[in-house]
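Commentary on secondary and tertiary structure
Listed here are the chains, written in short residue letters.
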Amino acid sequence: MSSTSILGGTLAAPTAAPPPANRRRRRGGLNTPRLLWLTVPSLVWFAVFSVGPLVAMFVIATLRWKGLIYEPSYVGTANIRHVFGDPVFHDALRNSTVQVAVVIPVMIPLAFMLGYHLSTKPRGYRVLSVLYFSPGLISISITGMIFYGVLSPNGGVNGLLNSLGLDSLAHSWLADPGTALPSLIAIDLWRGVGWTAVLFAARLAGVPGEVIEAARIDGAGRLRIIWQIVFPMVKDYVRTLTMLQFLWTLFTSAALILLLTKGGPGTSSTTLSYLVYEKAFSQSDLGYSQVAGVVLLLIGIAGMLLIRVLMRSPLEKIR
């Protein structure tokens, strides 16, 4: 001990040790500007091919334009007034609403139950998985050809009805205004239920088996296990698939309608997505087409928000 510390009556404060070398600020981390520059190509790609077309859609909606070889002219809100005053647009809006309102409430519960059945690995579940998944792998042109034969006046459905002695029920399914849209809805369900069921089965395979076994010991039945125990555990995944199927049904019905009914008879099977195609490529009215496209986009956004609100988990509701 030094004399200075003795005379002052206090001990000298210890000198702080220099920080270790391994605690020094590391350079070259993942947030450095050099690495952030690597995201620029992806941001440019997103801006050009995602944001750009959206902006162009709103711009074209204000134009009277027949196509690339014609000179466009600005008409302001005239296209909007034309679209909302057109009875064809109202029919297309009604048909799209009916299509989504039937397909989603039927497809998701049915696919969830089939997916739960597959997740229990019954006998032959691998073959069932392939059979369920196959309709989603068939191209839309082949699907249209198959169902054109099945639903034609001399096709499989009418042949089956005739063989059962139900001749009075046989008619042209795709040419009847009362059955054209229901036929398309049935095809949507045929294509989507199995595909979605396999995706549900993949997610349900991760549900702890102890939870299901404990529920069975407590006396819970099969339906109660599915909807009151398993469903809440994977509700976030169900919500995601519901939104994807909603968008798929809303935006991709044009191809099948083009192959089978071309929106007819009359406008009985015309949906918004088909109307966008019809006005743009058949009637060369790009302004009308893009206004309908904007409406379709807004319906898609509103539908996703509604699904998100209706299928919130209990923790999200608390927050």
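Residues numbered from 1 in each chain as written. Predicted model: local features only at pLDDT ≥ 70, side-chain atom pairs only at ≥ 80, totals over all residues. Heavy atoms only, no water.

**Focus on the environment of Leu260**
Structurally, Leu260 is set in helix α13 (residues 254-260). For the pair formed by Leu260 and Tyr148, sequence separation is 112 residues and the distance between their alpha carbons is 6.5 Å. Other than its neighbours up to four places away in sequence, Leu260 contacts Gly144, Tyr148, Leu174, Leu184 and Ile187. (Helix = DSSP H or I, 4+ residues; strand = E, 2+ residues; numbered from the N terminus. Contact = heavy atoms within 4.5 Å.)

**Considering the environment of Asn158**
Relative to the assigned elements, Asn158 resides in helix α8 (residues 156-163). Given a relative accessible area of 2%, Asn158 falls into the buried group. Sequence spacing of Asn158 and His171 is 13 residues, and the spatial spacing of their C-alpha atoms is 7.0 Å. In contact with Asn158, other than residues within four places in its own chain, are Ser152, Pro153, Ala170, His171 and Trp173. (Buried < 20%, exposed > 50% of the residue type's maximum accessible area, 1.4 Å probe, protein only.)

**Structural notes on the packing of aromatic side chains**
The full count for this structure, using the stated rule, is 11 aromatic pairs. Ring centres of Phe112 and Trp227 lie 5.3 Å apart, and the angle between their planes is 35°; this geometry places the pair in the tilted category. Of this pair, Phe112 sits in helix α5 (residues 87-119) while Trp227 sits in helix α11 (residues 222-233), and the two are 115 residues apart along the sequence. Residue class for Phe112 comes out buried when judged on its relative accessible area of 1%. Taking the relative accessible area as the measure of exposure, Trp227 reaches 31% and is therefore partly exposed. An aromatic cluster is present here, built from Phe112, Phe200, Trp227, Phe231 and Tyr237 joined pairwise through their rings. If you follow Lys279 out to its NZ or CZ, it ends over the ring of Tyr288, 4.4 Å from the centre. (Phe/Tyr/Trp six-rings, centres within 6.5 Å; stacked < 30°, edge-to-face > 60°. Lys NZ or Arg CZ within 6 Å of the ring centre and 35° of its normal.)

**Concerning the packing of α5 against helix α12 (residues 235-251)**
It is at 10 Å that the axes of α5 and α12 come closest, and there the two elements cross at 145°. For α5 against α12, the interelement crossing comes out right-handed. When α5 is examined against α12, the residues Ser96, Gln99, Val100, Val103, Ile104, Met107, Ile108 and Phe112 are found in contact with a partner set consisting of Val238, Leu241, Thr242, Gln245, Phe246, Thr249 and Leu250. (Axes fitted to C-alpha atoms, helices over the stretch in contact; angles between N-to-C directions. Left-handed = near helix turned anticlockwise from the far one by under 90°.)

**Describing the confidence of the model for the protein chain**
Detailed reading of predicted coordinates is not advised where the pLDDT is low. For the protein chain, per-residue confidence averages 86 on the pLDDT scale, and residues scoring 70 or more make up 88% of the total. Per-residue pLDDT, averaged within each element of the protein chain, yields its smallest value for helix α1 (residues 3-8) (41) and its largest for α5 (95). Low pLDDT, under 50, characterises residues 1-13; the predicted model gives this stretch five contacts beyond four residues in sequence or across chains. (pLDDT = per-residue confidence, 0-100.)

**Some words on the pattern of salt bridges**
Counted according to the given criterion, the structure contains two salt bridges. As a salt-bridge pair, Arg94 and Asp91 come within 3.2 Å of each other at their nearest N and O atoms. With Arg94 and Asp91 both in helix α5 and three residues apart, this pair spans about one turn of that helix. We classify Arg94 as partly exposed; its relative accessible area is 43%. Salt-bridge contacts for Asp236 lead to Arg239; the nearest nitrogen and oxygen are separated by 3.6 Å. Taken together, the residues Asp236 and Arg239, both in helix α12 and three residues apart, mark about one turn of the helix. Of the residues examined, Asp236 reaches a relative accessible area of 39% and is grouped as partly exposed. Overall, the relative accessible area of 6% leaves Arg239 in the buried class. (Salt bridge = Lys/Arg side-chain N within 4 Å of Asp/Glu carboxyl O.)

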